[in-house]
Amino acid sequence: MYFCHYVQRSLIYPFLIRGGKSTPFASFALAFVFCIYNGYLQTRYLSHYAEYPSGWVTHPAFILGGLLWLFGWLINVHSDHILRNLRQPGETGYKIPRGGLFEFISGANFFGEIMEWAGFALAGNSIHSLAFAIFTMVVLASRAVAHHKWYLSKFEDYPKSRKALVPFVF
């Protein structure tokens, strides 16, 4: 799960991005350090210290976590696709995302990623994966709220029924 997410995020996604603003070096460096450190902690724990019963992969928590991760990953990838294709080549300016979970929430990509890491935490059954899921939720929820407020202030025709992060709720 972890490996699949980061192959998509670091080896595939960057080659799909068209134009846009460049990322400030400080943001890039901090994200890089965090991913290396977190990746080390997650991998080290799972490969050296975690002890699971022989039937863990058939345990309902593992299966539910895996499914939650998969649905979150699919939502995340689909939402990124929608965001990347908002503008035609050469076009500038901002647009309202439409389709998928963007019909219900402003932060569909954030919602998908939160689902991914909640599923990873459930399947991994460790304090490390739970801490990462909580950290991700706090950071991405605040970003979703900020994006939602920005959309509401930028577009008069922004759908008023759309929530920030959780469909129909928040």
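Residues numbered from 1 in each chain as written. Predicted model: local features only at pLDDT ≥ 70, side-chain atom pairs only at ≥ 80, totals over all residues. Heavy atoms only, no water.

A. Molecular detail of the overall build of the chain. In terms of helices and strands, the chain carries five helices and zero strands. When its C-alpha atoms are laid out on the principal axes, the chain stretches across 55 × 35 × 25 Å. Expressed as a percentage of contacts within the chain between residues at least 6 apart in sequence, the contacts between residues at least 24 apart total 75%. A distance of 6 Å separates the average location of the 14 positive side-chain charges in the chain from that of its 8 negative side-chain charges. (Helix = DSSP H or I, 4+ residues; strand = E, 2+ residues; numbered from the N terminus. Contact = heavy atoms within 4.5 Å. Lys, Arg positive; Asp, Glu negative; His and termini not counted. Charge placed at Lys NZ, Arg CZ, Asp CG, Glu CD.)

B. Focus on helix α5 (residues 127-154). Taking 1.5 Å of rise per residue, 28 residues should cover 40 Å, and α5 covers 40 Å from first to last C-alpha, within 8% of that figure. Among the residues of α5, S129, F132, A133, T136, L140, A141, A144, H148 and Y151 are the ones counted as buried. The secondary structure elements touched by the buried residues of α5 are α1 (2-16), α2 (25-49), α3 (60-84) and α4 (108-124). (Expected span 1.5 Å × (residues − 1). Buried < 20%, exposed > 50% of the residue type's maximum accessible area, 1.4 Å probe, protein only.)

C. Examining the packing of α4 against α5 more closely. One way to put it is that α4 packs onto α5 with a least axis distance of 9 Å and a crossing angle of 170°. In terms of orientation, α4 lies roughly antiparallel with respect to α5. Together, F110, E113, I114, W117, A118, F120, A121 and G124 of α4 and S129, L130, F132, A133, T136, M137, L140, A141, R143, A144 and H147 of α5 make up the contact between the two elements. A breakdown of the residues in the contact of α4 with α5 according to their chemical character gives 13 nonpolar, four polar and two charged. (Axes fitted to C-alpha atoms, helices over the stretch in contact; angles between N-to-C directions. Parallel < 35°, antiparallel > 145°, perpendicular 65-115°, else oblique. Nonpolar A, V, L, I, M, F, W, Y, C, P; charged D, E, K, R; others polar.)

D. A look at unusual backbone geometry. For N125, which is not glycine, the phi torsion reads 50° and is therefore positive. In this model, F168 sits at a positive phi of 70°, which is unusual for a non-glycine residue. Locating F168 in the fold gives a position in the segment after α5. Residue F168 is classed as exposed on the basis of its relative accessible area of 67%.

E. The side chain of R162, seen in detail. Within the secondary structure, R162 sits in the segment after α5. Here F102 takes part through its backbone oxygen, which lies 2.6 Å from a polar atom of the side chain of R162. Sequence-distant contacts of R162, defined by excluding residues within four places in its chain, comprise I96, P97, R98, F102, E103, F104, I105, S106 and H148. (Polar contact = N/O pair within 3.5 Å; in protein donor to acceptor, adjacent residues only side chain to side chain.)

F. Local environment of the nonpolar core. Counting 12 residues, the largest nonpolar core is built from I82, F102, I105, A108, F110, F111, I114, M115, L140, A141, A144 and L165. Of all the secondary structure elements, the ones that give two or more residues to this core are α4 and α5. Element by element, the count of residues in this core is highest for α4, at five residues. When near neighbours in sequence (up to four residues on either side) are disregarded, I82 contacts P97, R98, G99, G100 and F102. (Core = buried A, V, L, I, M, F, W, Y, C linked by side-chain atoms within 4.5 Å.)

G. Layout of the layout of surface pockets. One number sums up the size of the second largest pocket: a volume of about 180 Å³. M1, Y2, F3, Q42, T43, L46, Y52, W56, F62, F120, A123 and G124 together form the lining of the second largest pocket. Grouping the constituent residues of the lining of the second largest pocket by class yields nine nonpolar, three polar and no charged. (1 Å grid on protein atoms, 1.4 Å probe; cavity = no way out; pocket = protein on both sides within 12 Å on 5 of 7 lines; lining within 4 Å. Points joined across faces, edges and corners; volume = space filled by probe spheres on them.)

H. Seen up close, a nonpolar patch on the surface. A cluster of nonpolar side chains, namely F25, F28, F32, V33 and I36, defines an oily patch on the protein surface of about 570 Å² accessible area. Tracing the chain through its elements places F25 in helix α2. (Patch = residues over 30% accessible without salt bridge, like charges linked within 9 Å, V, L, I, M, F, W, Y side chains within 5 Å. Areas by Shrake-Rupley, 256 points an atom, 1.4 Å probe, with all protein chains shown as cover. Salt bridge = Lys/Arg side-chain N within 4 Å of Asp/Glu carboxyl O.)

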